[in-house]
Every structure is written in structure tokens, then in C-alpha cells.
Amino acid sequence: MPTRRAALRAGAAVLAAGAAPARAASRPVALGSAAEIGAFRSDPRYREALKRYCDIVVPMNDLKWDALRHERAGFDFAGADEIVAFAEANGKALRGHTLLWGEALPPWVGEMTTRAEAERELTRHIEVVVDRYKGRIATWDVVNEVIKYDPTSGGPWRDTVWQRLLGPEHVEIAFRTAARTDPKARLVLNDFHFEERDPGAAARRAVALDICRRLRDKGIPIHGLGMQAHLYAERTIDTEGLQRFMRDLDGLGLDVEITELDVIDWKMPADAALRDKHAAALVASFLGAVASAKRPKAIVTWGLTDRYSWVGETFPRKDGARARPLPLDADYRPKPMLAVLERYRRGTG
Ligand code: XIL
């Protein structure tokens, strides 16, 4: 890996020569969005927005187990194939989400009882899915949400069927199998709640680093950490904590990617302009904290338009007003958040 030390040396040499140091924050960052299959199929404006605003497309739900594996014996790639084909036809890169998660599982997964069975199913699943998109899906969220919500009280693992049947090794099995199946794929550990100013988030950062370090020590490939970044509008960003986290990831030679960015505005006043302004400021403060220490490899939002988002369903507002979590409003008009994102895409963020 090009080390931080080498970069520092280069920086010191530039300073010694009296020249202005190169601005670390000038590399353009690829922007992307998750694509939800229902909207993708039914709404041409949705597809146009994906073409216009994205460098990267992520099937939102169609690579999850419950989409691919209604039946234990087979695989149903219909939805995933559609979105992958669209991305390829339009020159977009792809992220795969996700090979292992404790949610979005078909009922038969809950019927597994033995370690051997779980290992066999998990390995086969990853082999078949990664192989199908080998060389096409460049980056995989190999595991999603494996860290306990609050590791300060017990932990560090989230209680899932994989953890119950395989123990902590489920993460190693997943990374090993993905790497073996597509040795060129970029492999990411994806999780949430890293950015907040509370002991739970700090503990989650420590656990994430620990998992990455252990994989590295065992020679199991991992290339990056994905921060979902579902940002709560009523909470603040832990800038120093995030900067330290970025430096620690850098020390391990890992990339950081923002993988599911949106703003949960359920507790904000109804005024739309005010909510949009606040969301943009929060996103700017989050991305600024990350990028001041480490330029993210990608910034992916969890959808593009407020017309379709999981936020309104999962975090409903008491006043019944529509959630405004994303860079375009429900009529595809750009919101202030888009301008923040576009600055990163241009390299001026
Ligand atoms: C959400 C999707 O956006 C919804 O359409 C679906 O009904 C449930 O899952 N963290 C994740 C994502 O890793 O996969 C989730 O996506 C949102 C939270």
C-alpha cells in the first residue's frame, strides 16, 4: 500500500521546497445511488435521474437473500440482472449489497440448525452470486451490520442467524469466499452508526477497526469500510472521532466509502425549506469531517428522490408530512444537499 508515511514524507518535501502543499481534498469522488426495483421499473424519471446524477449504481434490495433465494435450491437473479444491465449500458460502476446480513432473509434460512449447514449455504451463496457478476460488480458489501448496536453492553457481534450458527467466523468465511471467487473485487465491511457523538458510536468504531485488523492479520483480503451514514437530523456529528477513525483506517491501508447516505428528518419541524437546508448542512458537516482526514472512495445515497425512500416508512413523522432525506425532492427538483454532493464529484468539496 502507498503508506501514509510516504505521503507525509512527500508533503514534507513539498513544504521544504516552499511550494504550496497539494490540497488533499481535490480528488473527485464518484457519486452513486441505490436503485429500488419498483421505482426503477415503473418511473422513467427515476432511471433518468440515475443516469444523470450517478457514477455508481447499487441494487437496493435485489442482491439481498430474500430477493435471490426464495427457494433454497435456486437463485432468482431477475431484479439484480435488470439493474446491472442498466448500469452497464450506461457506463456506471456497480456496488453489490450485500452477501451476508442478519435481515432480509427468506424463511428457510431460519430453519437451519447446524454449523455445517450454515457454512455450506453461506459459502455456496457467495460463490454463486459473486461468480455471476465477476468482473462486473467491482465492489461488494461482503458483510452488512455485523456489529452489535451498542457494543458497550456486551458484544461485539450482532445477534444474527450467522452469528448464532457460525460464531464470529461468519465474517471470515464471507470475506474468504468472496475473495476466492473474484480475486479482483473490492471487499467492504459495511455498517452504520459510526458518526455520532456518543459512547456507542465510539465503541462501534473500535470494533470495526478490530475486525479489519484481525482479517488483515489472518491474510484475509478486505479493502474498505463502508459507512452507511443514515444521518439523524437531530443529532450532531463527532468530527474528532470521525477524523481519528479515518486516520486509523488509513493506517490499516483501508479505503472508506459512504454507502447509504440519507437524512432521517422525522423530528424536524415541518417547514420544507428549513429541513432541506438543515439536511444539506448536516451532510456537509459529515462529509467534511470524513474528507478532512481521508478522501472517501465513493459517496452513495440510499436513493435519489424523496418520492421513494425507506426513511418515511421506517421513521414516520408525527405530522404525516413526507420525509425529505435525499438530494432531489419528490418532483426530482435538486435540493441543497445535491449541491454539497456535486462539490465532491467535481473535486471542490
Ligand atoms: C432498506 C431498503 O431501502 C428498503 O427498501 C427495504 O424495504 C429494507 O431495506 N440498512 C441497509 C439497507 O443496509 O439494506 C436497508 O435498505 C436500509 C438500512
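Residues numbered from 1 in each chain as written. Predicted model: local features only at pLDDT ≥ 70, side-chain atom pairs only at ≥ 80, totals over all residues. Heavy atoms only, no water.

## Considerations on the overall build of the protein
Thought 1: Counting secondary structure elements, the protein contains 13 helices and 9 strands.
Thought 2: By the compact-globule yardstick of 20 Å for 349 residues, the protein fits well, its C-alpha radius of gyration being 20 Å.
Thought 3: With respect to the three principal axes, the spread of C-alpha positions in the protein is 60 × 50 × 45 Å.
Thought 4: Here the protein holds 349 residues, and the buried ones make up 54% of them.
Thought 5: Taking as baseline every contact in the protein between residues at least 6 positions apart, the subset at least 24 positions apart corresponds to 80%.
Thought 6: Counting every atom, the protein has about 14800 Å² of accessible surface; 53% of that belongs to carbon and sulfur.
Thought 7: Considering the protein, the positive charge centre built from 54 side chains and the negative charge centre built from 49 side chains are found 5 Å apart. (Helix = DSSP H or I, 4+ residues; strand = E, 2+ residues; numbered from the N terminus. Rg over C-alpha atoms; globule rule 2.2 N^0.38 Å. Buried < 20%, exposed > 50% of the residue type's maximum accessible area, 1.4 Å probe, protein only. Contact = heavy atoms within 4.5 Å. Areas by Shrake-Rupley, 256 points an atom, 1.4 Å probe, with all protein chains shown as cover. Lys, Arg positive; Asp, Glu negative; His and termini not counted. Charge placed at Lys NZ, Arg CZ, Asp CG, Glu CD.)

## What to know about unusual backbone geometry
Thought 1: Along the chain, His97 connects to Thr98 via a cis peptide bond; the corresponding omega equals 5°.
Thought 2: Tracing the backbone shows Thr98 in strand β3 (residues 93-100).
Thought 3: The step from Gly155 to Pro156 runs through a cis peptide bond, and the omega angle for that step is 10°.
Thought 4: When you line up the elements, Pro156 lands in the loop between β4 (139-144) and α7 (161-166).
Thought 5: Look at Glu145: it is not a glycine, yet its phi comes out positive at around 55°.
Thought 6: Secondary-structure assignment places Glu145 in the loop between β4 and α7.

## Concerning the site of the ligand
Thought 1: Neighbouring the ligand are Met60, Asn61, Lys64, His97, Trp101, Asn144, Glu145, Gln228, His230, Glu260, Trp302 and Trp310.
Thought 2: One nitrogen or oxygen atom from the side chain of Asn144 is found 2.9 Å from an oxygen atom belonging to the ligand.
Thought 3: At 2.9 Å from an oxygen atom of the ligand is found a side-chain nitrogen or oxygen belonging to Glu260. (Near = heavy atom within 4 Å. Polar contact = N/O pair within 3.5 Å; in protein donor to acceptor, adjacent residues only side chain to side chain.)

## Overview of the pairing of strand β9 (residues 298-301)
For a regular strand, side-chain orientation follows a simple rule: the groups alternate between the two sheet faces.
Thought 1: Here β9 shows a buried face lined by Ala298 and Val300 and a second buried face lined by Ile299 and Thr301.
Thought 2: In this sheet, β9 lies alongside strand β1 (residues 30-35) in parallel orientation, the contact comprising 4 bridges. Bridge pairing in β9 links Ser33 to Thr301.
Thought 3: Both strand β8 (residues 255-264) and β9 contribute to a ladder of 3 bridges, which runs parallel. From the neighbouring strand, Glu257 faces β9, where its bridge partner is Ala298.
Thought 4: Taken together, β8, helix α11 (residues 272-293) and β9 constitute a β-α-β crossover, and its handedness is right-handed. (Pairing = 2+ DSSP bridges. Right-handed = clockwise from strand over helix to strand, strands pointing away.)

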